[in-house]
Amino acid sequence: MKTQQNESIQTAWIYSTVKQFAERYPAFTVGGLRHQIFHEDTNGLKKSGAIVRNGRKVLINESKYFAWVESQNNSAREPKQLPKPCAILRG
C-alpha cells in the first residue's frame, strides 16, 4: 500500500497560476511568463504541454515548464566557429 502512495506522490503534478509561479520562483517575472505564454505557439511552450487552460484561468505545470526551460538551454545555438587564420603571404 505504501508503494502505491509513494508512486502517486511522485507522479503528482503541481499547477500554479502565473502569479503564484512568479512568487515561488522570483527569477521568473509575471510579465516574462505572460510574454512566453502569449508566444507559446512559436516558442515551443504549447508543444511541451506546460500551459493548461481551465476556462479563463491559465495554469503552469511546473515540472513540464522547467523541462521546457532546459530544452531551450540545450537547443541554444552553438557559437559560430571562427574561420581558420590564413597564412600571410610575404613577398
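Residues numbered from 1 in each chain as written. Predicted model: local features only at pLDDT ≥ 70, side-chain atom pairs only at ≥ 80, totals over all residues. Heavy atoms only, no water.

Asker: I tried to follow the pairing of strand β3 (residues 57–61) on my own but got confused; where do I start?
Answerer: Within a regular strand, side chains alternate between the sheet's two faces. Bridge count between strand β1 (residues 15–17) and β3: three bridges; the pairing is antiparallel. When the bridges of β3 are listed, Thr 17 appears paired with Leu 59. Sheet topology places strand β2 (residues 51–54) next to β3; four bridges connect them, and they run antiparallel. Pairing of Asn 54 across the sheet is with Lys 57, part of β3. (Pairing = 2+ DSSP bridges. Helix = DSSP H or I, 4+ residues; strand = E, 2+ residues; numbered from the N terminus.)

Asker: Would you take a moment to explain the pattern of salt bridges for this structure?
Answerer: Working definition: two side chains of opposite charge can pair if their charged atoms are close together. Tallying each qualifying case throughout the model produces three salt bridges. Residue Glu 62 is joined to Arg 24 by a salt bridge in which the shortest nitrogen-to-oxygen separation is 2.3 Å. Of this pair, Glu 62 sits in helix α6 (residues 62–74) while Arg 24 sits in helix α2 (residues 18–24); the two residues are 38 residues apart in sequence, bridging distant segments of the chain. For Arg 24, a relative accessible area of 46% corresponds to the partly exposed category. Measuring nitrogen to oxygen at the nearest pair gives 3.4 Å for the salt bridge that ties Lys 46 to Asp 41. Across this residue pair, the class does not change: Lys 46 and Asp 41 are exposed. (Salt bridge = Lys/Arg side-chain N within 4 Å of Asp/Glu carboxyl O. Buried < 20%, exposed > 50% of the residue type's maximum accessible area, 1.4 Å probe, protein only.)

Asker: In this structure, what is going on with the nonpolar core? I would like to understand it.
Answerer: Where a protein is soluble and globular, its nonpolar side chains tend to be buried together. Within the largest apolar cluster, eleven residues are counted, these being Val 18, Phe 21, Ala 22, Leu 33, Ile 37, Leu 45, Ala 50, Ile 51, Ile 60, Tyr 65 and Trp 68. When residues of this core are traced back to their parent elements, those giving at least two are α2, α3 (30–38) and α6. With three residues, the single largest contributor to this core is α2. Residue contacts for Ile 51: discarding those within four places in its chain leaves Ile 37, Glu 40, Leu 45, Val 58, Leu 59 and Ile 60. (Core = buried A, V, L, I, M, F, W, Y, C linked by side-chain atoms within 4.5 Å. Contact = heavy atoms within 4.5 Å.)

Asker: Help me understand α6 in this model?
Answerer: Because the α-helix completes a turn every 3.6 residues, residues three or four places apart line up on one side. Here α6 contains 13 residues, and its C-alpha end-to-end distance of 18 Å stays within 8% of the 18 Å for a straight helix at 1.5 Å per residue. All of the buried residues along α6 are Glu 62, Tyr 65 and Trp 68. All buried residues of α6 fall inside an arc of 125° around its axis, so they share one side. On its buried face, α6 sits against β1, α2, α3, α4 (40–43), α5 (45–48) and β3. (Expected span 1.5 Å × (residues − 1). Arc of directions from axis to C-beta.)

Asker: Just to check I follow, could you spell out α3 for this structure?
Answerer: By the burial criterion, the buried members of α3 are Leu 33, Gln 36 and Ile 37. With its buried residues spanning 100° around the axis, α3 presents them on a single face. In α3, those exposed residues whose orientation departs by more than 90 degrees from the buried face are His 35 and Phe 38. Turning to α3, the residues buried within the fold contact α2, α4, α5, β2, β3 and α6.

Shape descriptors only; they carry no functional weight alone.
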